[in-house]
Amino acid sequence: MNQVQSRVAPLNKWPMISRVFHWISALLLLVTWALMFLYDNTDDSLYIGLHKAFGISLLFWMLARVISRLFVKAPPSAPMPKWQDIIAKLTHFALYALLIAMPIAGLLMSVYGGRAVDVFGLFEIQVFVTPDRGLARTFNDWHTDIIWPLILAFTAAHILAALYHQFIKKDKLMKRIW
Ligand code: HEM
Ligand code: HEM
C-alpha cells in the first residue's frame, strides 16, 4: 500500500456483515433482557412469551454469526500490549459461547418443564424431551444464576474496555465496529 492509500484507509474496520451481526446481537440481548424485566415487574405472561421468542431469535442470530465469522477475514488486532489482545480475544470468545448457552439453557428449562416454546406465532418448538422437574430446575439455575451473571460481567468488561479505548487511549478502536 502506498503513502496516499495508507492515509485514506487508516482504519482496519470489521466487514459490514460483522458490524451488522454485532449491533443486532447487542440489540436482541437488550430487548430479551428488557422483556424479562417487564415480566418480573408486571407478571403479564405476554412478556415471558416474547422473552422466549426473542431469546430463540438471538440463538439463531448467534449461530448465523458464528458461521459468518468462520468465513469473514477479521481485521488485524488494533495496536495494544499482547496481554490486552489476549484478554480481548478471550472475552469475545466467552461472549459468543455465553450468548449461545443462555438461550439453550432457557429452551431446555422450558421443555423439561413440559412447555412448548412459541416463536412469535410463526412456529413452535415442541417438547422434544421427557419432562423432568429436576432437570428443569437445573437449567433454570444455569439460566438465571450462572450464565446470566457471567454475561453481565463479560459485557461490562467489554463495554468498559471500549470506553477506555474511546476516552483514555483515544485510538478510534470503536470505529472498527461502527
Ligand atoms: C440470550 C437469551 C436470553 C437471555 C439474555 C435471557 C435472560 C433471562 C434473565 C435475565 C432472566 C431473569 C432471571 C431473574 O428474574 O432473576 C430470565 C428468566 C427466564 N428465561 Fe430467559 N433469557 C434468554 C433466553 C431465554 C429462552 C430462549 C427461553 C425459553 C425458551 C427463556 C426462558 C426464561 C424463563 C422461563 C425465565 C423465568 C425463570 C423463572 O422465573 O424462574 N429465556 N432469562
Ligand atoms: C455499548 C456497547 C458495545 C460497544 C461500544 C462495543 C464495542 C466493540 C468493539 C469496538 C469491538 C471490536 C474490537 C476490535 O476490533 O478489536 C467489539 C467486538 C465484539 N463485541 Fe462489542 N460492543 C458493545 C456491545 C457488545 C455486546 C452487548 C456484546 C455481546 C454481549 C458484544 C460482543 C462483541 C464480540 C463477541 C466482539 C468480537 C467480534 C468478533 O471477534 O467476531 N459487544 N465490540
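In what follows, the structure referred to is the one given above.
Residues numbered from 1 in each chain as written. Chains lettered and ligands numbered in written order. Predicted model: local features only at pLDDT ≥ 70, side-chain atom pairs only at ≥ 80, totals over all residues. Heavy atoms only, no water.

Peer 1: Please give an account of the site of ligand 1 that cites residues and values.
Peer 2: Near ligand 1 you find 21 residues, and of these Met36, Asp40, His51, Asn140 and His143 are the closest. Histidine 51 places a side-chain nitrogen or oxygen 2.7 Å from a nitrogen atom of ligand 1. The cavity where ligand 1 resides is the second largest pocket. Contributing elements (two or more residues each) for the shell around ligand 1: helix H2 (16-42), helix H3 (45-71), helix H4 (82-112) and helix H5 (133-169). Considering only residue class, the shell around ligand 1 consists of eleven nonpolar, eight polar and two charged. (Near = heavy atom within 4 Å. Polar contact = N/O pair within 3.5 Å; in protein donor to acceptor, adjacent residues only side chain to side chain. 1 Å grid on protein atoms, 1.4 Å probe; cavity = no way out; pocket = protein on both sides within 12 Å on 5 of 7 lines; lining within 4 Å. Sits in = over half its atoms within 2 Å of the grid points. Helix = DSSP H or I, 4+ residues; strand = E, 2+ residues; numbered from the N terminus. Nonpolar A, V, L, I, M, F, W, Y, C, P; charged D, E, K, R; others polar.)

Peer 1: If you had to explain the site of ligand 2 to someone new, which residues and values would you point to?
Peer 2: Near ligand 2 lie 19 residues; those nearest to it are His22, Arg69, Tyr96, His158 and Arg176. One of the side-chain nitrogen or oxygen atoms of tryptophan 14 is found 2.8 Å away from an oxygen atom of ligand 2. Separating a nitrogen atom of ligand 2 from a side-chain N or O atom of histidine 158 is a distance of 2.8 Å. Residue assignment for the shell around ligand 2 shows that the elements contributing at least two residues are H2, H3, H4 and H5. For the shell around ligand 2, a count of residues per class yields twelve nonpolar, four polar and three charged.

Peer 1: Outline the coordination of the iron atom of ligand 1, listing residues and values.
Peer 2: Coordination of the iron atom of ligand 1 by the protein is provided by His51 (NE2) and His143 (NE2), with metal-donor distances spanning 2.0 Å. Coordination at the iron atom of ligand 1 comes from six donor atoms whose angles at the metal span 85 to 179 degrees, giving a geometry best classed as octahedral. One end of the pair, histidine 51, is in helix H3; the other, histidine 143, is in helix H5, with 92 residues separating them in the sequence. Exposure remark for histidine 51: the relative accessible area of 13% places this residue in the buried category. (Donors = N, O, S within 2.8 Å, 3.2 Å for Na, K, Ca; no water. Tetrahedral: all angles 85-135°; square planar, octahedral: opposite > 155°, others 65-115°. Buried < 20%, exposed > 50% of the residue type's maximum accessible area, 1.4 Å probe, protein only.)

Peer 1: Please provide a residue-by-residue account of the coordination of the iron atom of ligand 2, values included.
Peer 2: Reference geometry at the metal: tetrahedral coordination by four donors gives ideal angles of 109.5 degrees; octahedral coordination by six donors gives 90 or 180 degrees. Coordination of the iron atom of ligand 2 by the protein involves His22 (NE2) and His158 (NE2), with metal-donor separations of 1.9 to 2.0 Å. Note on histidine 22: relative accessible area 15%, which makes it buried. Residue classification places histidine 158 among the partly exposed residues on the basis of a relative accessible area of 25%.

Peer 1: How would you summarise the layout of surface pockets if you had to cite specific residues and measurements?
Peer 2: In this structure, the second largest pocket spans a volume of roughly 540 Å³. Every residue lining the second largest pocket is counted, 25 residues in all, and those nearest its centre are Thr32, Met36, His51, Met102 and His143. Taken together, the elements giving at least two residues each to the lining of the second largest pocket come down to H2, H3, H4 and H5. A total of seven residues in the lining of the second largest pocket trace back to one element, the largest contributor, which is H4. Residues of the lining of the second largest pocket, tallied by class, amount to 14 nonpolar, eight polar and three charged. (Points joined across faces, edges and corners; volume = space filled by probe spheres on them.)

Peer 1: A description of H5 should follow, citing residues and the corresponding values.
Peer 2: Across its 37 residues, H5 extends 51 Å between first and last C-alpha, which sits within 8% of the 54 Å expected from 1.5 Å per residue. Isoleucine 147 marks the point of greatest bend in H5, at about 35 degrees, and the proline proline 149 comes within the next four residues. Among the residues of H5, Ala136, His143, Ile147, Ile151, Ala162 and His165 are the ones counted as buried. Here the buried face of H5 lies against H2, H3 and H4. Where H5 begins, one side-chain oxygen reaches toward the backbone nitrogen of glycine 134, 2.9 Å away; that side chain belongs to aspartate 132. In the segment just after H5, lysine 170 is the residue with positive phi, at about 50 degrees. (Expected span 1.5 Å × (residues − 1). Bend = angle between axes of the 7 residues up to and from the residue. Contact = heavy atoms within 4.5 Å.)

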